Amino acid sequence: MDHAADAYRTDLMTITRFVLNEQCKHPESRGDFSILLSHIVLGCKFVCSAVNKAGLAKLIGLAGETNVQGEEQKKLDVLSNEVFIKALVSSGRTCILVSEEDEEATFVESSKRGRYCVVFDPLDGSSNIDCGVSIGTIFGIYMVKDGGEPTLDDVLQPGKNMLAAGYCMYGSSCTLVLSTGTGVNGFTLDPSLGEFILTHPSIKIPKKGKIYSVNEGNAKNWDGPTAKYVEKCKFPQDGSSSKSLRYIGSMVADVHRTLLYGGIFLYPADKKSPNGKLRVLYEVFPMSFLMEQAGGQAFTGKQRALDLIPQKIHERSPIFLGSFDDVEEVKALYAAEESM
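In this text, all values refer to a predicted model and were calculated from it rather than measured experimentally. (Residues numbered from 1 in each chain as written. Predicted model: local features only at pLDDT ≥ 70, side-chain atom pairs only at ≥ 80, totals over all residues. Heavy atoms only, no water.)

### Details of the overall build of the protein
Threshold: Secondary structure elements are defined from DSSP: runs of H or I of at least 4 residues count as helices, runs of E of at least 2 residues count as strands, and each element is numbered from the N terminus. Whether a residue is buried, partly exposed or exposed follows from its accessible area with a 1.4 Å probe, protein chains only, as a fraction of its type maximum: under 20%, in between, or over 50%, in that order. The contact criterion used is simple: two residues touch if any of their non-hydrogen atoms lie within 4.5 Å. Computed with the Shrake-Rupley method and a 1.4 Å probe, the accessible areas treat only the protein chains shown as cover for residues.
What the protein contains, in helices and strands, is eight helices and 17 strands. In terms of overall dimensions, the protein has a C-alpha envelope of 60 × 55 × 45 Å along the principal axes. For the protein, with 340 residues in total, the buried portion stands at 53%. Restricting to contacts in the protein with at least 6 residues of sequence separation, those with at least 24 account for 63%. In the form shown here, the protein has an accessible surface area of approximately 15800 Å², with 53% of it arising from carbon and sulfur atoms.

Pasting the structure below:
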């Protein structure tokens with residue numbers, strides 16, 4: 001890559017231009033979806049700025065409250081949640097919002113209501129803020145079912161019904177990865193322009209990877225297939241090289257690396273968390289949507305992740321996602337266990 005030439009590139013594909021180009025492919029489009037995405041992008045820019053200033057602004061540390069998941073809430077969590085709720089409501093294009101930080105779904109007042117439901121985790125991995133590890137925002141967008149007042153059923157849909165999903169990672173750079181159902185694209189925030197620029201067009205995950213990502217501290221509580229798979233990663237019987245273990249503990253960062261380099265990310269069910277730990281609507285679904293769009297797979301241990309129909313807004317699920325062949329191996333181990 002010629003960095004000198006790149007620095008003076010004048011034909012920049014910003015996320016706004018990219019979304020409008022996509023909109024042009026749908027002549028029937030009224031621009032509502034583009035407006036909604038622009039408000040999500042604005043929220044990401046705001047949170048990126050707040051994360052960068054967190055230490056200086058004394059935003060780090062506990063806000064003294066505990067969120068609905070029983071996690072102690074960071075001040076930045078509270079701020080990020082407020083920013084996204086306000087940005088989404090003010091877009092005039094949403095009707096139901098589900099946030100990891102709020103116990104109940106937010107129903108937008110009828111005068112500001114639109115056709116979309118947004119599910120999001122405003123600041124995933126926020127316990128890592130103090131040590132400077134990458135954290136991020138995860139979101140998914142559904143269209144409300146036709147007719148009548150919006151209800152929770154409009155949100156409790158399988159992940160395959162999502163129109164779009166993405167995440168914004170606040171790390172060494174601010175990266176927004178987005179799919180509107182036709183592939184996956186990555187944008188990096190240029191601080192001098194205040195714009196997200198297309199830097200990773202048409203992301204495709206390698207068919208097989210050399211990295212596995214899991215919290216091995218939970219190993220004693222794993223089920224048979226998970227334990228066998230991780231053992232296979234470390235001590236392959238077919239003469240191939242062992243996989244490398246990489247685990248950051250921030251889902252956005254771990255999935256981002258998996259998406260770019262290949263491999264598998266797993267957060268299985270165990271004796272301590274029999275239903276898994278990650279939330280279906282705003283963690284499992286958006287990341288599974290992105291993985292499938294990039295040519296990978298996502299599996300819960302029982303079924304394709306995007307076929308899951310959630311019963312509650314904060315429901316949890318085990319998840320195995322990443323390169324197609326790696327997830328296929330996990331599926332084979334679960335199938336073998338079932339047939340015994």
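### Remarks on a positive patch on the surface
Which entries qualify depends on this criterion: A patch is a set of surface residues, each over 30% in relative accessible area and not in a salt bridge, joined within 9 Å for like charges and within 5 Å for the nonpolar side chains Val, Leu, Ile, Met, Phe, Trp and Tyr. Should a side-chain nitrogen of Lys or Arg be within 4 Å of a carboxyl oxygen of Asp or Glu, the pair is scored as a salt bridge. All tallies of charge rest on Lys and Arg as positive and Asp and Glu as negative; His and the ends of each chain are not included. To locate a charge, the coordinates of NZ of Lys, CZ of Arg, CG of Asp or CD of Glu are taken.
Taken together, the side chains of Lys220, Lys271, Lys272 and Lys277 make up a positively charged region of the molecular surface. For lysine 272, the position within the fold is in the loop between β13 (264-267) and β14 (278-279). Residue class for lysine 272 comes out exposed when judged on its relative accessible area of 61%.

### Digging into the sheet that holds strand β15 (residues 297-299)
This is how it is decided: The pairing criterion for strands is at least two bridges between them, as found by DSSP.
The strand order β12-β11-β13-β17-β15 describes an open sheet built from five strands, whose pairing is mixed. The sheet is open, and its two edges are formed by β12 (244-245) and β15, each paired on a single side. Bridge count between strand β11 (residues 211-213) and β12: two bridges; the pairing is parallel. Looking at β12, one finds that tyrosine 212 is bridged to leucine 245.

### Considerations on the nonpolar core
Put simply, the test is: In plain words, nonpolar cores are sets of buried Ala, Val, Leu, Ile, Met, Phe, Trp, Tyr and Cys residues tied together by side-chain atoms within 4.5 Å. The start and end points of each domain follow an automatic or database-based domain assignment.
Leu281, Phe285, Met287 and Ile319 are the most contacted members of the largest nonpolar core, which has 44 residues in total. Breaking this core down by element, the ones donating at least two residues are β3 (94-99), β5 (113-124), β6 (135-143), β7 (164-170), α6 (251-261), β13, α7 (280-293) and β17 (319-322). The element best represented in this core is α7, accounting for nine residues. Looking at this core, you find at least three residues from each of domain 1 (15-202) and domain 2 (211-339). Among all residues touching phenylalanine 285, those that are not within four sequence positions of it are Tyr142, Gln157, Pro158, Gly159, Met162, Val280, Ala305, Leu306, Leu308 and Pro310. In terms of nonpolar packing, the next biggest core, distinct from the first, is built from 40 residues, Phe18, Phe33, Cys44 and Val83 among them.

### Digging into empty space enclosed by the protein
Quick reminder of the rule: Only protein atoms enter the calculation, which uses a 1 Å grid: trapped sets of points that fit a 1.4 Å probe without letting it out are cavities, open sets showing protein on both sides within 12 Å along at least five of seven lines are pockets, and any residue with an atom within 4 Å of a point is a lining residue. Grid points are joined across faces, edges and corners, and a volume is the space filled by probe spheres set on the points. Under this grouping Gly is polar, as are all residues other than the nonpolar Ala, Val, Leu, Ile, Met, Phe, Trp, Tyr, Cys and Pro and the charged Asp, Glu, Lys and Arg.
One pass over the structure, following the stated rule, counts one cavity of 30 Å³ or more. The space that makes up the largest cavity amounts to roughly 40 Å³. For the largest cavity, the full set of lining residues is Val214, Asn215, Asn218, Trp222, Leu266, Tyr267, Pro268 and Asp270. Taken together, the residues that form the lining of the largest cavity break down as five nonpolar, two polar and one charged.

### Topic: the packing of helix α3 (residues 32-53) against helix α4 (residues 75-90)
Packed helix pairs are characterised by how far apart their axes lie and by the angle those axes make with each other. Our working definition: Orientation is described by lines fitted to C-alpha atoms, with helices fitted over the stretch in contact, and by angles between N-to-C directions that extend from 0 to 180 degrees. Orientation labels follow simple angle bins: below 35 degrees gives roughly parallel, above 145 gives roughly antiparallel, 65 to 115 gives roughly perpendicular, and whatever is left gives oblique. We call a crossing left-handed when the near helix sits turned anticlockwise from the far one by less than a right angle, and right-handed when that turn is clockwise.
Running from N to C, α3 and α4 cross one another at 160°; their axes reach a closest spacing of 9 Å. Relative to α4, the element α3 is oriented roughly antiparallel. The element α3 and its partner α4 pack so that their crossing is right-handed. Residues Leu36, His39, Ile40, Gly43, Cys44, Phe46, Val47, Ala50 and Val51 of α3 lie in contact with α4, whose contacting residues are Leu76, Leu79, Ser80, Val83, Phe84, Ala87, Leu88 and Ser90. Within the contact of α3 with α4, the residues separate by chemical class into 13 nonpolar, four polar and no charged.

### Overview of α4
We apply this condition: Any helix carries an expected span of 1.5 Å times its number of residues minus one.
When the terminal C-alpha atoms of α4 are compared, their 23 Å separation across 16 residues agrees well with the 22 Å that a helix rising 1.5 Å per residue should span. Buried within α4 are the following residues: Leu76, Asp77, Ser80, Asn81, Val83, Phe84, Ile85, Ala87, Leu88 and Val89. Positive phi appears at glycine 92, one or two residues downstream of α4, with a value of about 70°.

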